[in-house]
Every structure is written in C-alpha cells, then in structure tokens.
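# Descriptive analysis of the structure
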Amino acid sequence: MQFAVYLLMSAMIVYMMYRNVKLLKRAKHNRRYVEAYDAILKENPDAYKLVNDFLASEEHEEYINKGLLLKLLLEEDVEGEAYKDTLTRIDLTPLFFDKGHINKEKLQLNSDAFMWMILALCKAVEFDLSDVSDGLMSKLSAFEDSLGNQLEYHLVKGVYECLNDKGEGKFLSDLLAGDYPSFMYDKRMIGLYKRLAAVVLAYRNRLEDEYFQNDLYEFAKTTMGRLVMKALDLYDTYITNAEIIEDGKTEDVLEIADQGNEEANDQSNEDGDGQGEE
C-alpha cells in the first residue's frame, strides 16, 4: 500500500515538473507575442516589422499561426495582394487540436485567436476584401463538427454573416441577451465578446439593447474598441467628448477583455452564463 502511494506521489511530482517546464517555455513565446499584438492595438507604426520579427524568430506552430493572423490584420491595410499568401498560410489546427483531437486547454489558451479573426473580418469590410472574409470563414467552418459547441465559433460565424448580409445577427443579439446556455466558452473573455457583437449589430443598425447602446461609448475608449469601430466607420460616432484610455504599458489580451468586462457580465448574469470555462 505504501509503495503504491509512493508511486502515485512520484508520478504527480513528475507531472507537475513537466507542466511547469511546459508553462515556462510557453511564457517565453507569449512575451514576444504580446509585444507584437500590443503594437497593433496601439497603432504603432513599427507594428508590421515587430510582427515579422516575431514570426521570423518563432518555431512553435501555435504562435506562428497566431502571428500570421496578426500579419493578416496589417496586410489588409496595404495595397496589393500580400495578404493572400498570409491567408493561405494560416492553419487553425495547431491552435485548437492535438494529435487530431480537440484540446480544451489549447482552446482556452488560444481563445484570443477568435478575437483577431473578428477584427480581420471587420477590416475586410473596411477595405472591401471579401476574399479575406470568405477565406477565414472557410478555414474555421472546416472545424464546425469539433467546435460547434464553442461560443467563440458561433460568435465569429455570427459576425461574418452579419457583416456580409448573410443573416440578421440573431446569435449576436442572443449573446447580448444572455441566451447562450449550452455553449462552452472562455469566461474571462465574455464581456469583450459581447461588446464586439454589439459593435457589429450597431454597424448594421440592429443593436436594440439599450445597455450596450450606451456601453459602446465606453468601449470606444479602449484599444480594441477603437480598432474595431474605426474599421466599421463607427469610431467618430462613439468617441465624441470621450477621454481615450492610454496607460502607456503593454496590454495583455485579458486586460483588454477586462476593460468593462465586469459590467457586461453583470448585465446578463440573471439569464445565466452557460457552461463557461475559467
């Protein structure tokens, strides 16, 4: 009995050591990645160079493909067709799958990829690049069977359909109303997801929720809100007489999500927040 307990404890120690080493390695990748996307969010003129430098130094498939999503955002602004090669290279498989199967840990760690896809869809509207919208949605739709229970999947799909007049935005409206009981999602990001949905509905003049109509004035002050609203030509409408949030430090994706996240969560808590994952 004692020997069995010893073996169990030894196995747990080995596992924890392995996991700590894995997390330390990931932290090194993540630091460079955060620096790259922070430059985009703050509209740093050197963002394109920083993203390319990040990609040149990166060997991890997850981060390479998140870096390619960032590069796509920047290339949508540039004349020419450089974005087409980047779009072709993007592979979403390493972000969500491991050995051919959906990986919940990867889904959570890479949930920010859905945010970059949404921003890319918005910028595709700004620059009339329907091939970017269709291409990204085609890549994501290939995993519908595996990601069909993920709120993030339906959010990106709903944004795509609403922006491209392929639907009325029902899922986006349901999201704002707190009607998403059966979906899995990253609870840390739900407030940001709702705000992105509200912006897209406002773009199509379909935003009826009074709370989020008012909340968009606050969202416009944030880095992500500014970029999305500029892409959809809504920024000037919502930034009137508002003070921009500029703290001068590098922002983590979750810090961006937390800018108003609590208020957005409170608005629909009484309806239930589904099966969100911490």
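So, a few notes on the structure that sits alongside this text. Keep in mind the model is a prediction, meaning the values are calculated, not measured. (Residues numbered from 1 in each chain as written. Predicted model: local features only at pLDDT ≥ 70, side-chain atom pairs only at ≥ 80, totals over all residues. Heavy atoms only, no water.)

## Digging into the overall build of the chain
- If you tally the helices and strands in the chain, you get 17 helices and four strands.
- Each of the 278 residues in the chain was classed as buried or not, and the buried ones make up 49%.
- If you take every contact in the chain between residues at least 6 apart in sequence, the share linking residues at least 24 apart comes to 67%.
- Carbon together with sulfur atoms contributes 50% to the accessible area of the chain, which is approximately 14,000 Å² in total. (Helix = DSSP H or I, 4+ residues; strand = E, 2+ residues; numbered from the N terminus. Buried < 20%, exposed > 50% of the residue type's maximum accessible area, 1.4 Å probe, protein only. Contact = heavy atoms within 4.5 Å. Areas by Shrake-Rupley, 256 points an atom, 1.4 Å probe, with all protein chains shown as cover.)

## Observations regarding the environment of Ala197
- As for its placement among the helices and strands, Ala197 is situated in helix H12 (residues 190–203).
- For the pair Ala197 and Ile118, spaced 79 residues apart in sequence, the C-alpha separation works out to 9.6 Å.
- Non-local contacts of Ala197, meaning those with residues more than four positions away in its chain, are made with Leu155, Leu172, Leu175 and Leu176.

## Side note on the pattern of salt bridges
- Overall, the coordinates contain 18 salt bridges when judged by the stated rule.
- The closest approach of N and O atoms between Glu168 and Arg206, which form a salt bridge, is 3.7 Å. In this pair, Glu168 is assigned in the loop between helix H10 (151–163) and helix H11 (170–176) and Arg206 in the loop between H12 and helix H13 (210–219), connecting sequence segments 38 residues apart.
- Residue Arg206 is classed as partly exposed on the basis of its relative accessible area, which comes to 22%. (Salt bridge = Lys/Arg side-chain N within 4 Å of Asp/Glu carboxyl O.)

## Notes on H12
- Taking 1.5 Å per residue, 14 residues should reach 20 Å; H12 reaches 20 Å between its end C-alpha atoms and fits that length.
- When you tally the buried positions in H12, you get 13 out of 14 residues, the bulk of the element.
- Directly beyond the C-terminal end of H12, a positive phi value near 55° is found at Asn205. (Expected span 1.5 Å × (residues − 1).)

## Comments concerning unusual backbone geometry
- Backbone geometry at Lys99 places phi at a positive 55°, although glycine is not the residue there.
- Backbone geometry at Asp165 places phi at a positive 55°, although glycine is not the residue there.
- By the element assignment, Asp165 lies in the loop between H10 and H11.

All we've got here are geometric facts, nothing functional implied.
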